[in-house]
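# Observations on chain architecture
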Amino acid sequence: MRDLVEIGMGRTARRAYDLDDVEIVPSRRTRSSSVVSTSWQIDAYRFDLPLVTHPTDAIVSPGTAVAVGELGGLGVLNAEGLWARHANVEDAIFQLVRAAEDLEDPTAVGRVLQELHAAPIRLDLLTEAIKTVRESGVTVAARVSPQHAAELTPDLIAAGVEILVVQGTIISAEHVVRDAEPLNLKDFIGRLDVPVIAGGVSDYRTAMHLMRTGAAGVIVGHGYTPGVTSTDRVLGIGVPMATAIIDAAAARRDYLDETGGRYVHVLADGGITVSGDIAKAIACGADAVMLGSPLAAASDAPGQGLYWTAAAAHPSLPRSRVAAGPDYAVDLKTLLFGPSSDAEGVVNLFGALRRAMAKTGYSDLKEFQRVGLTVRR
């Protein structure tokens, strides 16, 4: 039964919960973390970590995509980002860093990012970036926006992309436009020989619609990061992540029954800042998490201490700030696996997930999705 509250005469709203509002309940059994598996598989591609990078240039260069892949996750290049538009990305990021130092004009860094993205996408640069990842032997993934998916996808697949991510701040299976042909996701996905991950969504119905398009994975959330993303302030749209993930997981279960066995993966993107949030997202039903700002702490993150999402470069209505990343720096391997001397859950992100699974007695991610939860309020 839906938990409805009255917010005024004749108007009710559903009560929803964020990851901070829920806690994981230990079971009667514990186990050693050495026998816990955090692996998952989407289509033919298997990963040791339930980690997909948020597709932002702040954390994903061709080199870091390779590093993430070698450590067991999936690095996703932004096919509409700086590596697709500029031959010297280091210089472009240096411009951002200089603009961020201008304390008298807090909008300067946003304008520079918009100007950098006003440069046209160059197929030669995009192909070269993908080639770097492909030649390393890790799985190649790239993100396109719904607006440019039809245009860019053939070249991306020809260059070697193995998993396509179609991601916008908010995406649906039924997009209406004027004086243009909308992207029909079902037809689009049906013509491709590679798995497609699509999102973000925030409710059961939209998640179910995307699953019915043939998507192999659905992204839940809008990449919310405190102090960085501003979709709620700009558009008034927000999504409490615990409820959104659980609703999408319910859609996954019903779609599995509807199709007689087709499983669609749920990826949580937003509200995840510490290792406990990763554990809670999986516990709510996610198959993997899409991490952004926590990876900005990696010493080899291309953003050089800055973090932003793709929405920051929108030419007329940005929904993300270019903000300072975490004020500590460790190498990527330590960030993911430790060891850590910090007690705040910002280092050893996936070692902590293994420990949470072990402490509650679960041996793999699918089992851990059934762990008990409580609500704080």
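Shown above is the structure to which this text applies.
Read on for an overview of the structure. As a convention, each chain's residues are numbered from 1 in the sequence order in which they are written. Only residues with pLDDT of at least 70 are given local features in this predicted model, and only at 80 or more are side-chain atom pairs given and counted; all residues enter the totals for whole chains, interfaces and linings. To get the side-chain values, take all heavy atoms of the structure and skip hydrogens and water.

## Here we look at the environment of G361
Cut-off, in case you're wondering: Strands are runs of DSSP state E lasting at least 2 residues, helices are runs of H or I lasting at least 4, and numbering of each runs from the N terminus. Any pair of residues with heavy atoms lying within 4.5 Å of one another is described as a contacting pair.
Turning to its location among the elements, G361 is positioned in the loop between α12 (349-359) and α13 (365-368). A sequence separation of 335 residues divides G361 from P26, and the C-alpha atoms of the two residues are 7.7 Å apart. Once residues lying within four places of it in the same chain are set aside, the contact partners of G361 are S27, R29, T30 and R31.

## Let's talk about the packing of aromatic side chains
Our working definition: A pair of aromatic rings is counted whenever rings of Phe, Tyr or Trp (Trp by its six-membered ring) have centres within 6.5 Å, and the orientation is called stacked for planes under 30 degrees apart, edge-to-face for over 60 and tilted otherwise. Here's how the labels work: a residue is buried when its accessible area is under 20% of the maximum for its type, exposed when over 50%, partly exposed in between, all with a 1.4 Å probe on protein chains only.
Summed over the entire model, instances satisfying the criterion amount to two aromatic pairs. Where W40 meets F47, the ring centres are 5.6 Å apart and the plane angle is 35 degrees; that geometry is what we call tilted. A single burial state applies to W40 and to F47, both of which are buried. Centre to centre, the rings of Y362 and F368 are 6.0 Å apart; their planes meet at 65 degrees, and the pair counts as edge-to-face. Accessibility classification places Y362 together with F368 in one group, the buried group.

## A short note on the environment of Y263
How we decide: Polar contact is defined as a pair of N or O atoms within 3.5 Å, subject to the rule that within protein one atom must be able to donate a hydrogen and the other to accept it, and that residues adjacent in sequence are counted only when both atoms are side-chain atoms.
Its location among the elements puts Y263 in the loop between α9 (241-259) and β12 (265-270). Residue Y263 is classed as partly exposed on the basis of its relative accessible area of 26%. Within the local environment of Y263, its side chain forms a polar contact with the side chain of R252, the two groups lying 3.3 Å apart.

## Re the environment of V322
As for its placement among the helices and strands, V322 is situated in the loop between β14 (306-307) and β15 (323-324). Setting aside residues up to four positions removed in sequence, V322 forms contacts with V109, L113, L306, Y307, W308 and A312.

## Quick look at unusual backbone geometry
With omega at 15 degrees, the peptide bond leading from G199 into G200 counts as cis. Mapped onto the elements of the fold, G200 is located in strand β10 (residues 196-201). Residue P339 is reached from G338 by a cis peptide bond, and omega for that bond is 10 degrees. Within the secondary structure layout, P339 lies in the loop between α11 (332-337) and α12. If you check the backbone angles, D43 has positive phi at about 55 degrees while not being a glycine. For D43, the position within the fold is in the loop between β4 (40-42) and β5 (45-47).

## Some details on the sheet that holds β10
Note the following rule: Only strands that DSSP links by at least two bridges are regarded as paired with each other. Between N-to-C directions, angles cover 0 to 180 degrees, with each direction set by a line fitted to C-alpha atoms, over the stretch in contact for helices.
Read across the sheet, eight strands follow the order β6-β13-β12-β11-β10-β9-β8-β7 without closing on themselves; strand pairing throughout is parallel. Because the sheet does not close on itself, it has two edges, and the strands there are β6 (51-53) and β7 (76-78). Sheet twist, expressed as the mean angle between neighbouring strand axes with direction ignored, is 25 degrees. The sheet strands contacting helix α5 (residues 149-159) are β8 (141-144) and β9 (163-167), and the helix crosses β8 at an angle near 160 degrees. On top of the sheet, helix α7 (residues 204-212) reaches β10, β11 (217-224) and β12; it is set at about 165 degrees to β10, its chief contact.

## Focus on the side chain of D269
Put simply, the test is: The charged-residue count follows a simple rule in which Lys and Arg add positive charge and Asp and Glu add negative charge, with His and chain termini not counted at all. We count a salt bridge whenever a side-chain nitrogen from Lys or Arg sits within 4 Å of a carboxyl oxygen from Asp or Glu.
On the secondary structure map, D269 appears in strand β12. Buried charge without a partner: D269 forms no salt bridge, and the closest opposite charge is R143, 9.1 Å away. Of note is the side chain of D269, whose polar atom sits 3.0 Å from the side chain of Q167. Aside from chain neighbours lying at most four places away, what touches D269 is H54, Q167, I219, V220, G221, H222, G223, Y224, M241 and M290.

## Quick word on helix α10 (residues 275-284)
Burial runs high along α10: nine of the ten residues are buried. Regarding α10, the residues found buried are S275, D277, I278, A279, K280, A281, I282, A283 and C284. Immediately downstream of α10, the backbone of G285 shows phi near 130 degrees, a positive value.

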